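One letter stands for each residue in the lines below.
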Amino acid sequence: MDLEQLLALQDLDTRVAQLEHRLGHDPTLGELTDARAAVAAIETQELKLFGERDAVRQELKRLEDEAATTEDKIRKVNDTLYGGVVTAHKELESLQHELAMLKERLSGFEDLELEQMELAEPLEDRAAVLATNKQQALDVVSDAEMAVTAMQAEVGVELDDVLARRAAQAGAIDAALVSQYEKIRVAKGGQGAARLAAGGRCEGCHLTLPRAEYDAIKHSAADIVHLCPECGRILVRS
Ligand SMILES: [Zn+2]
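First, a word on scope: everything that follows refers to the structure included in this document. Numbers given for residues are sequential positions, taken from 1 along each chain in its written order. Per-residue local features of the predicted model are confined to residues with pLDDT of at least 70, and side-chain atom pairs are confined, for both listing and counting, to 80 or more; whole-chain, interface and lining totals are unaffected and use all residues. Note: side-chain values were computed over all heavy atoms of the structure, leaving out hydrogens and water.

1. Structural notes on the overall build of the chain
Tallying secondary structure elements over the chain gives five helices and three strands in all. What you see for the chain is a C-alpha radius of gyration of 42 Å, clearly larger than the 18 Å of a compact globule of 238 residues, by over 25%. Overall, the chain is about 135 × 35 × 25 Å in size when its C-alpha atoms are taken along their principal axes. Residue contacts follow a heavy-atom distance rule, with two residues in contact if any of their heavy atoms lie within 4.5 Å. Long-range pairs, those at least 24 residues apart, make up 70% of the contacts in the chain with a sequence separation of at least 6. Using the Shrake-Rupley algorithm and a 1.4 Å probe, accessible areas are obtained, with residue cover drawn only from the displayed protein chains. When the accessible surface of the chain is split by element, carbon and sulfur atoms take 56% of a total near 14,500 Å². The centroid of the 27 positive side-chain charges in the chain is displaced by 7 Å from the centroid of its 45 negative side-chain charges. The helix count covers DSSP runs of H or I at least four residues long, the strand count covers runs of E at least two residues long, and both are numbered beginning at the N terminus. Here the globule rule is a power law, 2.2 Å times the number of residues to the power 0.38, and the radius of gyration is based on C-alpha atoms. Note that His is not counted, nor are the chain ends; the positive residues are Lys and Arg, and the negative ones are Asp and Glu. Charged side chains are reduced to one point each, which is NZ for Lys, CZ for Arg, CG for Asp and CD for Glu.

Listed below in structure tokens is the structure:
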């Protein structure tokens, strides 16, 4: 009687093991890992791109500052030149020469600024594409997280139920037998009891017992515990 109940306990333990395995290996977990990796990959691209973009922005800022300084100087030279204070021909000529030089310099800075702006444009476009991709990847992560949470909740509910039934089932069996079964189950990676099918086949290891041994087990008292000579599991006679 107890032996038959042991198989019911075994079924519940097998279900517990399946549910615990699912908690650690459900496909939703792999999907979440992949989704997070996709975000990380985009962030790596972003870091590199932002580095390039910052360099261009800094260079542009430097050129703008240089241009502003040059414009200041042009204003001052202009003021001096046309302010009426300087009248000596040589001095005026020198100021005109300086003014021409400054204007040339300014134009040079402006050309360089344009070059940087042209460099910046594809970088900004690429940054916008990455931002869109990242948002999509984050949405996938968020969906994957919800799927994992739903899976964990579903498994958790069933696990609680099976564990409660398992405790009740174990309580209905002789404690010494449960303890023996437990030791074998742990040692055998999950299965402590197996059906001894008609013909003498152990359903735990699929070995068919020698005829004489099978006959002896069949005809022994129902409460005597026999172990499979091959795998060591508790044999439950039909
Ligand atoms: Zn066996």
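Okay, back to it.
2. Topic: the coordination of the zinc ion
In this listing, donors mean N, O and S atoms no farther than 2.8 Å from the metal, or 3.2 Å for Na, K and Ca; water is missing from the atoms, so a site can look incomplete. Surrounding the zinc ion are the protein donor atoms Cys202 (SG), Cys205 (SG), Cys228 (SG) and Cys231 (SG), at 2.2 to 2.3 Å. A four-donor site is classed as tetrahedral when every donor-metal-donor angle falls between 85 and 135 degrees; four donors are called square planar, and six octahedral, when trans pairs exceed 155 degrees and all remaining angles lie between 65 and 115, with any other arrangement labelled irregular. Geometry at the zinc ion is tetrahedral, judged from the four donor atoms that bind it and their angles of 104 to 114 degrees at the metal. Mapping the donors of the zinc ion onto the primary sequence yields the spacing C-x2-C-x22-C-x2-C. Each member of the pair, cysteine 228 as well as cysteine 231, carries the same accessibility label: buried. The buried label goes to any residue with under 20% of its type's maximum accessible area, the exposed label to any with over 50%, and the partly exposed label to all in between, with areas taken from a 1.4 Å probe on protein chains only.

3. Examining the packing of helix H2 (residues 27–82) against helix H3 (residues 89–171)
Where H2 meets H3, the axes come as close as 6 Å, and the angle between the chain directions of the two elements is 165 degrees. Classed by the angle they form, the pair H2 and H3 counts as roughly antiparallel. Relative to H3, the crossing made by H2 is left-handed. The residue inventory of the contact of H2 with H3, partitioned by class, reads 36 nonpolar, eight polar and 21 charged. Note on geometry: axes are lines fitted to C-alpha atoms, helical ones only across the stretch in contact, with angles between N-to-C directions running from 0 to 180 degrees. When describing relative orientation, an angle under 35 degrees is termed roughly parallel and one over 145 degrees roughly antiparallel, while 65 to 115 degrees is termed roughly perpendicular and anything else oblique. Crossing handedness follows the turn of the near helix against the far one: under a right angle anticlockwise gives a left-handed crossing, and clockwise gives a right-handed one. Gly falls in the polar group here, along with every residue not listed as nonpolar (Ala, Val, Leu, Ile, Met, Phe, Trp, Tyr, Cys, Pro) or charged (Asp, Glu, Lys, Arg).

4. Here we look at the side chain of glutamine 116
Locating glutamine 116 in the fold gives a position in helix H3. Excluding its chain neighbours within four sequence positions, the residues that come into contact with glutamine 116 are Val56, Glu59, Leu60 and Leu63.

5. Let's talk about the pattern of salt bridges
Between Lys or Arg on one side and Asp or Glu on the other, a salt bridge is scored when a side-chain nitrogen of the former is within 4 Å of a carboxyl oxygen of the latter. Within the structure shown, the criterion is met by 20 salt bridges. The partner of aspartate 13 in a salt bridge is arginine 166, with the nearest N and O atoms 2.6 Å apart. A residue pair is termed long-range when its members are at least 10 positions apart, and aspartate 13 in helix H1 (residues 2–25) and arginine 166 in helix H3 qualify at 153 residues. Pair check on accessibility: aspartate 13 and arginine 166 agree, each one buried. Note that aspartate 65 and lysine 61 form a salt bridge whose closest N and O atoms lie 3.0 Å from each other. One end of the pair is aspartate 65 and the other is lysine 61, both in helix H2 and four residues apart, which spans about a single turn. A relative accessible area of 39% means that aspartate 65 is categorised as partly exposed. When its relative accessible area of 48% is taken as the criterion, lysine 61 is described as partly exposed. By sharing partners, the salt bridges in this structure join Asp13, Arg166, Glu182 and Arg185 into a single network.

6. Examining the sheet that holds strand S3 (residues 234–237)
Note on pairing: DSSP must find at least two bridges between two strands before they are called paired. Sheet architecture is open: three strands sit in the order S2-S1-S3, paired in mixed fashion. Each end of this open sheet is capped by a strand with a single partner; those strands are strand S2 (201–202) and S3.

7. Topic: unusual backbone geometry
Even without glycine at this site, histidine 206 takes up a positive phi of about 70 degrees. In this structure, histidine 206 sits in the loop between S2 and helix H5 (211–218).

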